[in-house]
Amino acid sequence: VFEGKKMLAVIGIVLPTEIHPYCVITDIAIRPKLRGKGIGKIAIHHLLRLHSTSIFKTFVDEKKIHAIAFFEHLNWQKAETIDEDGMWAFAYDVSL
């Protein structure tokens, strides 16, 4: 997400393959002074609109309570159990 030439937020993703036909969000970076102001939500919405893939996934460390709350707030589906590495899986299907 840019404001003029200034980058406000960036999202890292792994593109779909035959093995996993969905995008995986690996990280989200937002300028510290802009956190909590909706920039992350805007960045996610841009990503969901711009990509031809309809399914997106991400994995969030159980200790990252703000990240967990962020994806829950955006109505991403959270796995029922945490994995053995202490990560919560979240998924979002654009077609629904």
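Scroll up to find the structure.
Remember, it's a predicted structure, so these values are computed and weren't measured experimentally. (Residues numbered from 1 in each chain as written. Predicted model: local features only at pLDDT ≥ 70, side-chain atom pairs only at ≥ 80, totals over all residues. Heavy atoms only, no water.)

S.K.: Could you give an account of the overall build of the chain, naming the residues involved and the relevant values?
M.R.: Secondary structure summary: the chain contains 2 helices and 7 strands in total. Seen in sequence order, the chain has helices and strands lined up from the N terminus as β-β-β-β-α-β-α-β-β. Since a compact globule built from 96 residues should have a radius of gyration of about 12 Å, the 14 Å found for the chain is in line with a globular shape. Overall, the chain is about 40 × 30 × 20 Å in size when its C-alpha atoms are taken along their principal axes. Put simply, the chain has 96 residues, and 27% of those count as buried. (Helix = DSSP H or I, 4+ residues; strand = E, 2+ residues; numbered from the N terminus. Rg over C-alpha atoms; globule rule 2.2 N^0.38 Å. Buried < 20%, exposed > 50% of the residue type's maximum accessible area, 1.4 Å probe, protein only.)

S.K.: Requested: an account of the pairing of strand β7 (residues 87-93), with residues and values cited.
M.R.: Note: strand β5 (residues 55-61) against β7, 7 bridges, orientation antiparallel. Bridging from a neighbouring strand, Phe-56 pairs with Tyr-92 of β7. Where strand β6 (residues 77-78) and β7 come together, 2 bridges link them in antiparallel fashion. Residue Lys-78 lies in a different strand from β7, and its bridge partner there is Phe-90. (Pairing = 2+ DSSP bridges.)

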